[in-house]
Each structure stands twice: as structure tokens, then as C-alpha cells.
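Residues per chain are reported as follows:
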2 protein chains.
Amino acid sequence: MNLSSAEDVRALPRNIRVSTLANGMTIVTDRMDHLESAALGIWVKAGSRDETPQEHGIAHLLEHMAFKGTNSRTARDIAVQIENVGGDVNAATSAETTSFYARVLKNDVPLAIDILADILNNSLFDESELAREQHVILQEIGAAQDSPEDVVFDNFQNVAFANQPLGRPIMGTPTTVSSFKPKHIRTYLEDHYHGPNMVLSASGNVDHDEVVKMAETRFGAFGSTPTRPPEECFYTGGESLVSKDLMEAQIVMGFEGRAYHARDFYASQVLSTLLGGGMSSRLFQEVREKHGLCYSIYAFHWGFSDTGLFGIHAATEDADIPKLIPVMLEQLRLAGEEIRQDELDRARAQISAGLMMSLESPASRAGQIARQILLFGRPISNEELMERLNALTAERLRDLSSRLFTESVPTIAAIGPVSHVPGQSEIADMLGAPATIAAQ
Amino acid sequence: MNLSSAEDVRALPRNIRVSTLANGMTIVTDRMDHLESAALGIWVKAGSRDETPQEHGIAHLLEHMAFKGTNSRTARDIAVQIENVGGDVNAATSAETTSFYARVLKNDVPLAIDILADILNNSLFDESELAREQHVILQEIGAAQDSPEDVVFDNFQNVAFANQPLGRPIMGTPTTVSSFKPKHIRTYLEDHYHGPNMVLSASGNVDHDEVVKMAETRFGAFGSTPTRPPEECFYTGGESLVSKDLMEAQIVMGFEGRAYHARDFYASQVLSTLLGGGMSSRLFQEVREKHGLCYSIYAFHWGFSDTGLFGIHAATEDADIPKLIPVMLEQLRLAGEEIRQDELDRARAQISAGLMMSLESPASRAGQIARQILLFGRPISNEELMERLNALTAERLRDLSSRLFTESVPTIAAIGPVSHVPGQSEIADMLGAPATIAAQ
């Protein structure tokens, strides 16, 4: 099940071509001739979990500061040049990845590559720009704190991976964000932006050879030494119940999930679809349709390189919580008793059609292929993904369910009227799971 | 500038084909042979502003109840049948439109049409399903009240169109939502869902003749009499400052905009892009980039059939508000003094590229064409849209700006730390606008 196996030499799917620069950076293109546009970007295998405790929030700060001016372009030049041609650029930071991407018409691909290369090679990280941007990020943090849903997910991850980089909020704290000087950003960039963990991915109306030629002259200066993978993180489970005057309690319950390369990664993805991925899913049908206990309920499974997180999100009012929690937990218990073939088939059909439709968007394609290269070392065709999904059986999912919700100590995070939200040990009791995690 | 002129017989763009059923319902397809999927839906020219005061929230309730079972499908059947083939269905309600749509693989288009037709023709509106769904909507309302951004936009529209249907929240209030019986939903449906204001729009891998053939047998029962347009609404302007313990104040400032058919509709759209549509826009550059006064700032222009709303949204902390407001207002004033050609060109390039890229998504196409038919009576090609944009001059935009921000009484809505947010008359003073609107 190790997808990065070098022996796997299946033909590449679609019109995908892959090249590697001398410094190890991967250049991948996925040509869609019928389009008038392209989506492209740089994906870097470095994110918030690669930060030292002193660097908390610097991956995200770098993502912001990359747009604040280079030795040949001011911040305004960057914005004006890309928007003059109707394009746009943006960026995103996650725990394990940082990405910088652009959407442009086909003739503007060279401009987009030039700008993305410029901001990663030649950013000035000017002190007065930094001071302004630190203030902007403090406001971004403030806005997130005003959003109960943002808060509950931050708290959820925080207690699921207690005292570890993977549990920290990606934006950092006002104190850490305010503490950074330009040199700290430069150090993080130099430590983590190396060819072997960088991918330039372009989908749409693009020419592979031209993209590679441009990339050679513009990304050749990045280091060629592989970077050290981040310290391993361990799921701890935990509890965060925050009382706040809100109409609805935001509740996220979670369990240890599966890493990308784990045997049960795909099974966990399918299980989250089956339990809470659509209107026909067990949780939606039971909690919302049969009992009318909430507006929003869904399940999710997040894979990381060395661990995972399986979760269920629900938002509901105080009076419904005592009814909602037992209905939710009963569904988790029942999944360990039986998974029907028709449910498995439907979950697979949803994932399969979703993959097919996502192929119609160049932005989805570029991101998907970039992540596959960073995680598995190569692009993976939908056929191959479907083979893996088709190998799953209902019994395998049932077996996974019987373990997933009982083998690890649960995580519970909630904000709002939380007096009826059970604590971690109460949930563990109800599920027959351990109440505290064994020492690592 | 009246795009619905019957004399306009330009060739239809792309692979678009339009047919009309005997009852006046329009069937439009936009064939994209290279896709494996399709997006399709029913768009109805009826929304929250078509409700009587006693019906407040019923358009949105109908949108929910349409999925709760027909005489041949239970709510679960609807969800299971569409998700069995990996598709999904959803719906949305706005002030002037309600839509029900599906994304499916190409072979499942007949199933999707059959389900959409079934839920609009044969829904049972069962009493016990209704009771459950009313409770679900109360929770949806509660969740929106917990989101400061949702609240500020509801309040903004509420005071901009004071005491009129266009100003009311689309979801209704807990009291009105709880008051409805099945017969009220049926009455609203029968009053407003008539062929002449319904469009079936399908984009992607679809066959026009097959779609029309299916539609004939499945949508023929809807009435053929044109419905009465809703009562005309008038922009009033107004003020809603709500003090709340939040990190950031959410602020929306607004002015009377332009109706879809108005002479300055396109100019207003371009102006909103130029002032606050991207990273190079005046407001983003001045407020965020030069002064670092917020994380989020953008302008928008919403057209309605008889009026419009031009607005600016910003979120910022208490201490920055006294600096932010004058910077914002100064930008509005300066736009009335000069608009540069390069700014106009860039805004046009952004809109043009955005249109081109939206053509790559079948869901965008289906929605765009449906709305064009409901508003203008026919699909409008991008070439034609660009002709209209290209006819605009910098002087015309400057002239519009000199009027837009001073001819109407302003609207201001804010929630959070609002003590430094100026009131309506203070803003009017600073802009040289009237402080109260003339009697209609």
C-alpha cells in the first residue's frame, strides 16, 4: 500500500508530464488543450508543524510576506501585474504544506511563473511592510476568534494533538506573530524551501517544455539537500469545552485517524463518507432527517504524513444536545456491528464521481497532482485510486469501525452552551473506549 | 440597454440551444462534449421578496421541504437515489430566485431531471416532516445569528430597504417559520411556480432534444399564466449599529445601486471591481496595504430587478476604526474626481478573464444562463457582455462615482465594538450626501 514505491512504473494518467530540476524540484504539467486558461502554483512540503515553538505562526507569516515586495517588484506591482491580465494569485498554509498559486489565461502562464518565482526567490521582507502585515494578521486572528466554527476546530486540533506542533493554530498567537523579525522569515524559508520538497504544478492550456525551461532558470537557486521531516506527532485525544453565549453549540468529536500511507487510509476516507459525507449518510439521516436535531452534521477524515484525525462536526442548540449525543454515538457503535454493501457502493460512487468532476477544473487538478507528488512521490491516476477503493469490503469497513471509535481515547471540543456536552471520559464510557491514552 | 429586447436576434453563443414548453417554461442546454458530467437545475423567478408579510420565510422553507418526500419517493429515497450514482442535489433561495440543482455524471442526467421534476410536482409537505424541518431551520437561523458576518449583512440589507420585502432576512424569523402549515407552502408554490418564470438549464455532456423531451412530460403541469412581478422596492438607506463583545467590528457601508436593466448597471459592476475587487483595487491598496488597517476589505454591487445596492465590507478592530473610516470615504470621494484609464482596463480584464474561466465549469454555465434568461429573456454571450464593458469610459465611471456616493442617503451597518463607527448622518456629512431620503 506504499504508493511512493519506486518500482511502480504504471503509465502516467491523462496528459501528465513530470520533470525534475537539478536541485530535485518537481515540475509537473497536466495539459487540457480545450481550455483557454491555466491554473498553476508552487506547493512546498513545509507548514506550521515544521516550525520550532519559537517560530509558531511563521509559515503563515511567510505566506503573507511573500506578496509584500521583491527587489524588482513592489507589493502593488505584484497585484497590478497579475490583475492587469485578469489573473489572480493567492496562497495558503496548512500543517504540512504551503502553496502559492495563480489562475490566468493561457498566454499569461509565463508571467504567472515569473511572479511566483520572484516572490519566493527575491522577497525583501522589508521591516515596515512586516510591521504592517503583522498588524493585519492580528486582525485575521481576531476575526477567526469571532467565528465559533473556526474556534472549535482550532481547539479540537489543539487537544487532539496536545502540546505538539500539529495541534497549534496555523496563524500563531498575537505574541509569537508580533515577535518575528525579517531574519526569522528568511531562516524559515532557507531551512524548508528546498528543491526536493517543492513542486511546480500547472494544469490547463500549458506546454510542459516551456514550463520546465522557465522553471530551470527561475527555481534553480533553491537548495538541493532534502529537508528533515518534522518530528513525529502522536494523537493524544483531549477535551475543550468553552462556555459562550451563543445560539448554537459547535461540537466536534474526534478519534485517531490514519496516516496517508497507512493500510486503513482509504478505508477511513470511505468510512467518513458513509457515516457523514452526504444527505444519504447515516449521521445525516439519523440526526437531521429522522430526529431533526441540527442543521449541520458531517464527518471528516484528515490524513497527515504520520497520523490522522477522524471527526464529526455538529451544531445544535442547548436543548437538543442531550438527544443528539446518544444518537451520534449509537451510529458509531452500529457501524462496528454492520456495514451494508449498498452503503459501501454508494460511498464509493460518491468519491468516484467527485474525482471525475474535479478533473474538469484545472485548479483542482493542479492541486491534486502537486499533493500526490509531495505525499506519494508521483501522480496517481483516478483508475489507480478507484482500484484501491474497489478493493475495500464492507467487512473491512465494519472491522475498522469496531476499532476506530474504541481503540483511542476520544477528543471532544465544543463552544457555546456546553453544559450538556459530555466530557471526554463520559464519551469514552459510552463507547467503551479508554478514557486516557497509554503512554507513548 | 434593454437586453430583453425581442428584436435582438444575434446568434446564440457556444453550443447553446433554447426551447420553450407550451406552458412558457424555458429549457436551455449548453453542450460541452469534452466533459464526462453535467450540471443542471431548475431556476424559478420567485424568492423571498415575493412573499407576503405573513409568508416571511416560506420561499426558503419550500426549498427545504422539496427534499422531504413525494408521492413516490421518501426523503431518504431522494438522497439515496442521487448519491447512489455519485451525484448530488442542492437548492438555494435568494431575494428574487429559488434554484434546485444537481451535479451528475453524463449518464445520470435523466435521473437528475426526474428527481428535480418529482420534488417540484409531487412533494407531499407532510406535517410531521414539516415540524422537524421547521426545527432544523430554527437552528439554521441560530447558527447565522452566531456569525457576526451573517448578522451584519442581514442588518445591512434590512436598513437599506427598510420595511420592505427586499430588506427582510431570507430565512424568516423563528415566529414566522414556526407558523406555517403545509397548505401555506402549497399556496406559495402554486402562486409562483409557473412556466413563464421557470427555466431548466443544463450544461455539460447533455443532449438538448432528450432534455426537452423529458421536460415536456415532467414540467407540463405547471401553470402557464405569467405571475405578477413583486411590488417595487425602494432604497431607503439606514443605520444599524449593534454593540457586541467581539474582537473585530464587522462594518458594511452602502449606497443605492443600479437595477439589472439600468443604464449604469455595468458601470456599477466595473466600479465595484475597480474600488474593491482585488489586491490591486483602490480600497485594498489604501486600507490594507498602505495603512494595514484590516484583514478583509472589498466592495460589491448587487443588482435586483428594480434597484441595486453598492457596498463596502470591512472587518477591523476598535482602535483602527477612527483611521479606517476616513481612508475609505476619501477613496469614494477621489473616485468622483478621477478614474484612470489603466484602472478601468484592469477592472475590465479581471471581469473578462473571470467570465472566460467561469465558462470552464458546467455548474457556472448552467447558473449563468438560467439567470440571464430570467432577467433578460435570453442567453447573453461573453462577447456581448464584453462589448458593453468596452463601451464604458473612465469619464463615465468618474461621473457615476461623483453621483453614486452622494445622491443617496448612505447605509451603515456594524456589529462588534461599534462606538467609533460613525452614524448615517455623520457619513453623509463627510461625503456631502443627504442625511435623510426624500419621500418617495
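About the cut-offs
Residues numbered from 1 in each chain as written. Chains lettered and ligands numbered in written order. Predicted model: local features only at pLDDT ≥ 70, side-chain atom pairs only at ≥ 80, totals over all residues. Helix = DSSP H or I, 4+ residues; strand = E, 2+ residues; numbered from the N terminus. Rg over C-alpha atoms; globule rule 2.2 N^0.38 Å. Buried ≥ 20, exposed ≤ 12 C-beta atoms within 10 Å, placed from the backbone. Contact = placed C-beta atoms within 7 Å. Pairing = 2+ DSSP bridges. Axes fitted to C-alpha atoms, helices over the stretch in contact; angles between N-to-C directions. Least-squares fit on C-alpha atoms with pLDDT ≥ 70 in both. Nonpolar A, V, L, I, M, F, W, Y, C, P; charged D, E, K, R; others polar. Expected span 1.5 Å × (residues − 1). Arc of directions from axis to C-beta. Parallel < 35°, antiparallel > 145°, perpendicular 65-115°, else oblique. Left-handed = near helix turned anticlockwise from the far one by under 90°.

Participant: Teacher, can you tell me more about the overall build of chain A here?
Facilitator: Within chain A, the secondary structure is distributed over 16 helices and 11 strands. The C-alpha atoms of chain A give 23 Å as radius of gyration, which agrees with the globular expectation for 440 residues (22 Å, within 12%). By principal-axis analysis of the C-alpha atoms, chain A measures approximately 60 × 50 × 40 Å. Here chain A holds 440 residues, and the buried ones make up 55% of them. For chain A, the proportion of contacts with a sequence separation of at least 24, taken over those separated by at least 6, is 80%.

Participant: Would you mind going over the sheet that holds strand β5 (residues 98-105) of chain A with me for this structure?
Facilitator: All names here are of chain A. Taken in spatial order, the 6 strands of this open sheet run β1-β2-β6-β3-β5-β4, and their pairing is mixed. Two strands in the sheet have a free side with no partner beyond their single neighbour: β1 (16-20) and β4 (88-93). For this sheet, the mean inter-axis angle between neighbouring strands, taken without regard to orientation, is 15 degrees. With 8 bridges connecting them, strand β3 (residues 37-44) and β5 associate as antiparallel partners. Counted as the bridge partner of Val 44 is Thr 98 from β5.

Participant: Would you take a moment to explain the sheet that holds strand β5 (residues 98-105) of chain B for this structure?
Facilitator: Working definition: the strands of a sheet are paired by backbone hydrogen bonds and lie parallel or antiparallel to each other. Residue and element names in this part refer to chain B. Pairing is mixed across the open sheet formed by 6 strands, whose spatial order is β1-β2-β6-β3-β5-β4. What marks the edges here is a single partner per strand, and that holds for β1 (16-20) and β4 (88-93). Averaged over all adjacent pairs, the angle separating strand axes in this sheet is 15 degrees, with direction ignored. Inspection of the sheet shows strand β2 (residues 26-31) paired to strand β6 (residues 198-204) by 6 bridges, in the parallel sense. By the bridge assignment for β6, Arg 31 is matched with Gly 204.

Participant: Sorry if this is basic, but what is going on with the relation of the copies chain A and chain B here?
Facilitator: The operation linking the two copies of the chain is a rotation about an axis combined with a translation along the axis. Between chain A and chain B, which share one sequence, the superposing operator has a rotation angle of 180 degrees and an axial displacement of 0.0 Å; the RMSD is 0.0 Å. Taken together, these values place the two copies in the relation of a two-fold axis. Taking C-alpha positions as the reference, the residue of chain A nearest the rotation axis is Ser 147 of chain A, at 3.1 Å. The residues that chain A uses at the interface reappear at the interface of chain B in 100% of cases, marking a shared surface.

Participant: Sorry, what's going on with unusual backbone geometry here?
Facilitator: Backbone geometry follows two general trends: most residues other than glycine have a negative phi, and most peptide bonds adopt the trans configuration. Even without being a glycine, Phe 125 of chain A presents a positive backbone phi close to 50 degrees. With respect to the helices and strands, Phe 125 of chain A occurs in the loop between α3 (109-121) and α4 (127-145). Residue Phe 125 of chain A is classed as buried on the basis of its 22 C-beta neighbours within 10 Å. Look at Asn 163 of chain B: it is not a glycine, yet its phi comes out positive at around 55 degrees. Assignment of secondary structure puts Asn 163 of chain B in the loop between α5 (148-160) and α6 (174-179).

Participant: Before we go on, may I ask you to explain the interface of chain A and chain B in this structure?
Facilitator: Bring the parts together and some accessible area is lost; that lost area is often taken as the interface size. Across the contact, 54 residues belong to chain A and 54 residues belong to chain B. Partitioning the side of chain A that touches chain B into residue classes produces 19 nonpolar, 20 polar and 15 charged.

Participant: So what exactly am I meant to see when it comes to helix α10 (residues 282-290) of chain A here?
Facilitator: Helical geometry: 3.6 residues make up each α-helical turn, so side chains three or four residues apart lie on a common side. Residues and elements named next belong to chain A. Summarising burial for α10: 7 of the 9 residues are buried, a large majority. Within the sequence span of α10, burial applies to Arg 282, Leu 283, Phe 284, Gln 285, Val 287, Arg 288 and Glu 289. Downstream of α10 by a residue or two, Gly 292 has a phi angle that is positive, lying close to 60 degrees.

Participant: Looking at this structure, how should I read helix α11 (residues 321-335) of chain A?
Facilitator: Residues and elements named next belong to chain A. Counted at 1.5 Å a residue, the expected span for α11 with its 15 residues is 21 Å, and the 21 Å between its end C-alpha atoms agrees. Of the positions making up α11, those classed as buried are Ile 321, Leu 324, Ile 325, Met 328, Gln 331, Leu 332 and Ala 335. One side of α11 holds all its buried residues, which, seen down the axis, span an arc of 130 degrees. Of the residues in α11, the exposed ones pointing more than 90 degrees away from the buried face are Pro 322 and Pro 326.

Participant: Mind showing me how you'd approach the environment of Leu 124 of chain B here?
Facilitator: Residue and element names in this part refer to chain B. On the secondary structure map, Leu 124 appears in the loop between α3 (109-121) and α4 (127-145). Placed 233 residues apart in sequence, Leu 124 and Met 357 show a C-alpha to C-alpha distance of 40 Å. Setting aside residues up to four positions removed in sequence, Leu 124 forms contacts with Gly 69, Thr 70 and Asn 71.

Participant: Help me understand the pairing of strand β8 (residues 249-256) of chain B, please; the structure alone is not making it clear to me.
Facilitator: Two faces belong to every sheet, and in a regular strand the side chains alternate between them. Residue and element names in this part refer to chain B. Counting buried residues along β8, 8 of its 8 residues qualify, which places the element largely inside the surrounding structure. Relative to strand β10 (residues 308-316), β8 runs antiparallel, the two sharing 8 bridges. The partner of Gly 254 across the bridge, within β10, is Gly 311.

Participant: What is the right way to read the packing of helix α9 (residues 265-276) of chain B against helix α12 (residues 341-358) of chain B from this model?
Facilitator: Packed helices, taken two at a time, are described by the angle their axes make and the gap between the axes. Residues and elements named next belong to chain B. Running from N to C, α9 and α12 cross one another at 105 degrees; their axes reach a closest spacing of 9 Å. If you check the angle between α9 and α12, you find them roughly perpendicular. Residue-level contacts link Val 270, Thr 273 and Leu 274 of α9 to Glu 343, Leu 344, Ala 347, Arg 348, Gln 350 and Ile 351 of α12.

Participant: I tried to follow the packing of helix α10 (residues 282-290) of chain B against helix α11 (residues 321-335) of chain B on my own but got confused; where do I start?
Facilitator: All names here are of chain B. Contact geometry of α10 with α11 gives a least axis separation of 10 Å together with a crossing angle of 155 degrees. In terms of axis orientation, α10 runs roughly antiparallel to α11. Crossing angle aside, the handedness with which α10 passes α11 is right-handed. Each of Arg 282, Leu 283, Glu 286 and Val 287 in α10 lies in contact with α11, whose residues at this interface are Leu 324, Val 327, Met 328 and Gln 331. Within the contact of α10 with α11, the residues separate by chemical class into 5 nonpolar, 1 polar and 2 charged.

Participant: I keep staring at the pairing of β5 of chain A and nothing clicks. Help me out?
Facilitator: All names here are of chain A. Counting buried positions along β5 gives 8 out of 8 residues, so the element sits mostly inside the fold. What you see with β5 is no split at all: Thr 98, Phe 100, Ala 102 and Val 104 on one side and Ser 99, Tyr 101, Arg 103 and Leu 105 on the other are buried throughout. When β4 meets β5, the two strands line up antiparallel, connected through 6 bridges. Its bridge partner being in β5, Ala 92 is matched across the sheet by Ser 99. Remark: 4 residues form the turn of the hairpin made by β4 and β5, two consecutive strands paired antiparallel.

Participant: How should I be thinking about the environment of Ala 102 of chain A in this particular structure?
Facilitator: All names here are of chain A. Among the structural elements, Ala 102 can be located in strand β5. With 25 C-beta atoms packed within 10 Å, Ala 102 lands in the buried category. It is 23 Å that separates the C-alpha atoms of Ala 102 and Glu 129, two residues lying 27 residues apart in sequence. The residues contacting Ala 102, other than those within four sequence positions of it, are Leu 40, Gly 41, Ile 82, Gly 87, Asp 88, Val 89, Ala 112 and Leu 116.

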